[in-house]
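# What the coordinates show
One letter stands for each residue in the lines below.
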Amino acid sequence: AKCLQKTDAFLHRSIGTDVVIARAEATRSDESDEKNGRKSLHTLHMERQEQAERSVLISCQSSTNEKKFLKYLSKHGEINKYFFYESYGVYAVVEFANQESVTSLLEGVAIPGGSHESAVPFKSRLLSLRNLGSVDSSNQLSGRQCQPQTTIPINELIKRLSREESIDKQISSLTEAYQLTEENSRLRFLVCSLLKDIATAYFPECTIKPFGSSVNGFGKLGCDLDMLLDLDSITGRNVKLPKSGLSLEYQMKRANSERAVTQSILSVIGECVDQFGPGCVGVQKILNARCPLVRFAHQPSGFQCDLTANNRVAMKSTELLYLYGELDPRVRSLVFTVRCWARAHGVTSSIPGAWITNFSLTVMVLFFLQKRTPPIIPTLDHLRDLAGPGDKTVIEGNDCTFVSDFNKIQLQSNTETLEQLLGEFFEFYATFPFSRMSINIRKGKEQNKPEVAPLHIQNPFETSLNVSKNVNASQLDRFVALCQESAWLLQQSETSTPRGGGAGGEGAPTPWGLATLLLPSQVAGIKSRKKRRREPASERIKGLLESLKNKNQLKKS
Ligand code: CTP
Ligand code: MG
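Structural notes, computed from the coordinates. (Residues numbered from 1 in each chain as written. Chains lettered and ligands numbered in written order. Predicted model: local features only at pLDDT ≥ 70, side-chain atom pairs only at ≥ 80, totals over all residues. Heavy atoms only, no water.)

## Focus on the site of ligand 1
Around ligand 1 sit 13 residues, and of these Ser213, Asp224, Asp226, Ser317 and Asn358 come closest. Take Ala314: an N or O atom from its main chain is 3.4 Å from an oxygen atom of ligand 1. At 2.6 Å, a side-chain N or O of Ser317 approaches an oxygen atom of ligand 1. Taken by itself ligand 1 offers 560 Å² of open surface, and the protein chains cover 76% of this. At the level of elements, helix 11 (312-327) and helix 13 (358-370) are the ones that each hand at least two residues to the shell around ligand 1. Broken down by element, the shell around ligand 1 gets its largest block of residues, three residues, from helix 11. Residue classes in the shell around ligand 1 are distributed as four nonpolar, six polar and three charged. (Near = heavy atom within 4 Å. Polar contact = N/O pair within 3.5 Å; in protein donor to acceptor, adjacent residues only side chain to side chain. Areas by Shrake-Rupley, 256 points an atom, 1.4 Å probe, with all protein chains shown as cover. Helix = DSSP H or I, 4+ residues; strand = E, 2+ residues; numbered from the N terminus. Nonpolar A, V, L, I, M, F, W, Y, C, P; charged D, E, K, R; others polar.)

Put into structure tokens, the structure is as follows:
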């Protein structure tokens, strides 16, 4: 960890040679993990951030000739990687091998002029390609060359899944279709890097790091981009004042609280993003939220962005989720499947409200996996016990310590298949005593609820908080009813075995297995809560079975 802190400092002064050192050291410290194909989130951040610094984002025209475009850019140096994508027009992400190439490229870029509108002369690495010569129709960009940045529509996913021959394969196929691509991940870091260029006008050493589903391994193409303005790693914070003799410290403006400082920083940066940030639109400052943030849309990338500051706990929980996802491939697959299922049934929503959030759902999946016999993933308390001295982290009095070295974690040999786990997941939550118990991944065991709330999920690090405080009783009821229905569907041989229509078959294949679970539900349009309360759960399930049987008979007749 020490070595990584050092590389962090290097990175803040990142120019050419320093970056090379930073990369070498980060690689060394994670060597054993890399052998296993695993990278720490810290290493991932370092590599991606550094890549992003050497990259530019260019708005192109669809008539752009790819060869000519590359030839033109190559004049400034070797290109490591490039790709095109569509978002209100065609864009190119171009990563040079060296930072100097970006500097050289920018030296020849013109400031727009001549129109009736005036431009704010803030220079960034978001550029537009102009082509005033003849249009050459060969080798033009076409849709085929563009990398998709959004997921396939649910109907298409259902068709794709119906062609698979096992539920395990359906789950893997869903994960493949939904997870972030290499290109999308690069684009996320590039947007952070472009914003950092704005923020560094005030805080030259700051970084902007993505957190949440953009980097925790559970992000779906099209998910929002959560960003953290990081001022904790600026130099001077750890400079120890000598016990005697002369020393200097900075004079700094003071505010009443840490929160007030965060609010004023976000207010100013938010204002800059709004006034000067090319491509940033619809900027909203939401400074009175529990976690103050600036929300806006970054048009060239199509990302909905949330910028926060002084939010170290969220970065820790991102790191924890990332670690769990890396421990066993079943973790990510099950989370993707449950998230997709929840979205399809409106259990989660893109609009904030009394819905269960993706973050809550993820914690519920993790808890379920801790409850298997033998457990698939360890408890957070166990991960804390494995921590080394360098892992110790206390944030505002909360112990956020857990092991960072994957190799210290011994997993038990649970051989359950994804199909089994999915069915068991729905059963587990169809019968979970939500009214009395709280979900707790720190202990890996349900605990008595410390307060009244329909759904109680203890925040893993700020243990006095409930992650799902927003969820109301009717939303929880819907979730439970849908779990019951899905558990039942997976137990029916009719829905849990392939229906022919295999790959290459004519027409739309008949939905089966996981695909059936994504179809509109029979119970989702749920009646009033009061009415259902009067009947015991067994009656409800009986009713549900009846309605499904009737539905099947209708289909057959
Ligand atoms: N977070 C948290 N406590 C909460 C909500 C969020 O610690 N009550 C942290 C988590 O690390 C979460 C991140 O903030 O991953 C971002 O929150 P959010 O965008 O709501 O969730 P994501 O995990 O990013 O999922 P989504 O794809 O829905 O954006
Ligand atoms: Mg998010």
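## A closer look at the environment of Asp274
Secondary-structure assignment places Asp274 in helix 10 (residues 258-276). Overall, Asp274 belongs to the partly exposed group, its relative accessible area being 38%. Spatially, the C-alpha atoms of Asp274 and Arg499 are 53 Å apart, while their sequence positions differ by 225 residues. (Buried < 20%, exposed > 50% of the residue type's maximum accessible area, 1.4 Å probe, protein only.)

## Overview of the state of the cysteines
Within this structure, the stated rule accounts for zero disulfides. Left without a disulfide partner, Cys206 is nearest to the cysteine sulfur of Cys272, which lies 11 Å away. No disulfide involves Cys400; its nearest neighbouring cysteine sulfur is the one of Cys291, lying 14 Å away. Given a relative accessible area of 0%, Cys400 falls into the buried group. (Disulfide = S-S within 2.5 Å.)

## Some words on the pattern of salt bridges
Per the stated rule, a full pass over the model turns up 25 salt bridges. The salt bridge partner of Asp230 is Lys209, with a shortest N-O separation of 2.8 Å. Here the residue Asp230 occupies a position in strand 6 (residues 225-230), and Lys209 occupies one in strand 5 (residues 207-211), the gap between them amounting to 21 residues. By relative accessible area, which is 14% here, Lys209 ends up buried. (Salt bridge = Lys/Arg side-chain N within 4 Å of Asp/Glu carboxyl O.)

## Some details on the nonpolar core
Trp341, Tyr429, Phe434 and Phe479 are the most contacted members of the largest nonpolar core, which has 84 residues in total. At ten residues, the largest contribution of residues to this core is made by helix 16 (residues 473-491). Not counting the four nearest positions on each side in its chain, Phe479 is found in contact with Trp341, Val347, Ile356, Leu361, Met364, Tyr429 and Phe434. Counting residues in each nonpolar core, the second largest holds 34 residues, with Leu195, Ile208, Val273 and Cys305 among its members. (Core = buried A, V, L, I, M, F, W, Y, C linked by side-chain atoms within 4.5 Å. Contact = heavy atoms within 4.5 Å.)

## Quick notes on the environment of Leu476
Topologically, Leu476 is positioned in helix 16. For the pair Leu476 and Val347, spaced 129 residues apart in the sequence, the C-alpha separation amounts to 8.7 Å. Beyond its immediate chain neighbours, meaning those up to four positions away, Leu476 contacts Phe434, Pro454, Leu455 and Val471.

## A closer look at unusual backbone geometry
The omega torsion of the bond from Thr373 to Pro374 falls at -15 degrees, within 30 degrees of zero and hence cis. As for its position among the elements, Pro374 is in the loop between helix 13 and helix 14 (380-385). Even without being a glycine, Asn310 presents a positive backbone phi close to 50 degrees. Here Asn310 shows up in the loop between strand 9 (303-309) and helix 11.

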